[in-house]
Amino acid sequence: MKKIISILGGTFNPIHNGHLLSAKRLLKEIHLQNIFLLPNNIPPHKLTLDIQNKHRLIMIKLAICSFSKLKMNLLEIKNKNISYTFETLVKIRQKIGTSISLIFIIGEDNLYEINRWENWKKFLNFCHIVVIPRKTKLVRKIHDSVLYWINTYTIDDISIFHYYSSGFIFFSNIKQENISSSKIRRYIKIKKEYKQFVPIKVYHYIKKNNLYLEL
Ligand SMILES: Nc1ncnc2c1ncn2[C@@H]1O[C@H](COP(=O)(O)OP(=O)(O)OP(=O)(O)O)[C@@H](O)[C@H]1O
Ligand SMILES: O=C(O)c1ccc[n+]([C@@H]2O[C@H](COP(=O)([O-])O)[C@@H](O)[C@H]2O)c1
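A quick note: this is a predicted structure, and the numbers were derived from the prediction, not measured.

A closer look at the site of ligand 2
Taken together, 16 residues lie near ligand 2, and G9, T11, N40, T85 and W117 sit nearest. Split into classes, the residues belonging to the shell around ligand 2 amount to 6 nonpolar, 8 polar and 2 charged.

Laid out in structure tokens, this is it:
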């Protein structure tokens, strides 16, 4: 049985209950010991962030402080560059070696656009991908190469994660949460209640620091 390291990459601007509930449900569904939340420094497709990194990081800390199985990894933040997932996966592999199983977790919305990511076709040489179900309006048709890739590498037996270090895609069956960071930012701007979407400590932090009020 292999050790498994699992990572949920994101901008977390801000972290919300969709991230947290999905991570907790995944811990159970695929019997993970823990999940590392990996905040990016500069997100490749959202090049400007109107928030200091310290606020995103503090909110993650507040959100996970009472869940010992959720941890934060600062690799991308410390790199100071645009956070290309491929580069991160290469660095993590260099650090952990080839025998440990590595899982990169992404929302279904991201999976269907993965052909826009740097070096996406090489990802499965470095990790497995676990897909969180997420209702999304697709902006573009899913590219044929992505569909082919998904069909080729998708498995439904999670025990594979214990026998292979990388190479497979698994679609999680956990319940979906219709929450997004952009919805929260929008609600704050139009002064609509958003308490139900974030942990209470994050809610108080956003209020105290007047985050996301600028139009
Ligand atoms: N409610 C959710 N359910 C499942 N996956 C989610 C949910 N929210 C975010 N994710 C996934 O978590 C990862 C990190 O998400 P991110 O930090 O970009 O939040 P977001 O809510 O998608 O942000 P934004 O609305 O600003 O685009 C992505 O892979 C995303 O698809
Ligand atoms: O590597 C890329 O080209 C790439 C393009 C878009 C997103 N990502 C990563 O995907 C994760 C979710 O991204 P986002 O933009 O939905 O917060 C986060 O870890 C990003 O750094 C990575």
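The discussion continues.
Describing helix α2 (residues 53-64)
Its 12 residues place the ends of α2 17 Å apart at the C-alpha level, agreeing with the 16 Å of an ideal helix rising 1.5 Å per residue. Every buried residue of α2 is accounted for by R56, M59, I60, A63 and I64. Down the axis of α2, the smallest arc covering the buried residues is 120°, so these residues share one side.

Considerations on the packing of α2 against helix α8 (residues 200-208)
At their nearest, the axes of α2 and α8 sit 8 Å apart, and the two run at 150° to each other. Considered as vectors, α2 and α8 are oriented roughly antiparallel to each other. The handedness of the crossing between α2 and α8 comes out as right-handed. Between α2, through I58, M59, L62 and A63, and α8, the contact on the second element is made entirely by K201, V202 and Y205. Tallied by class, residues from the contact of α2 with α8 come to 6 nonpolar, no polar and 1 charged.

Considering the site of ligand 1
Near ligand 1, the surroundings consist of 19 residues, among which G10, G18, G107, S180 and S182 are the closest. Contributions of two or more residues to the shell around ligand 1 are made by α1 (17-29), β4 (101-107), α5 (108-111) and α7 (181-189). Among the elements that make up the shell around ligand 1, the one with the highest residue count is α1 (3 residues). Here the residues of the shell around ligand 1 are counted per class, giving 4 nonpolar, 12 polar and 3 charged.

About the thresholds
Residues numbered from 1 in each chain as written. Chains lettered and ligands numbered in written order. Predicted model: local features only at pLDDT ≥ 70, side-chain atom pairs only at ≥ 80, totals over all residues. Near = placed C-beta within 6 Å. Nonpolar A, V, L, I, M, F, W, Y, C, P; charged D, E, K, R; others polar. Helix = DSSP H or I, 4+ residues; strand = E, 2+ residues; numbered from the N terminus. Expected span 1.5 Å × (residues − 1). Buried ≥ 20, exposed ≤ 12 C-beta atoms within 10 Å, placed from the backbone. Arc of directions from axis to C-beta. Axes fitted to C-alpha atoms, helices over the stretch in contact; angles between N-to-C directions. Parallel < 35°, antiparallel > 145°, perpendicular 65-115°, else oblique. Left-handed = near helix turned anticlockwise from the far one by under 90°. Contact = placed C-beta atoms within 7 Å.

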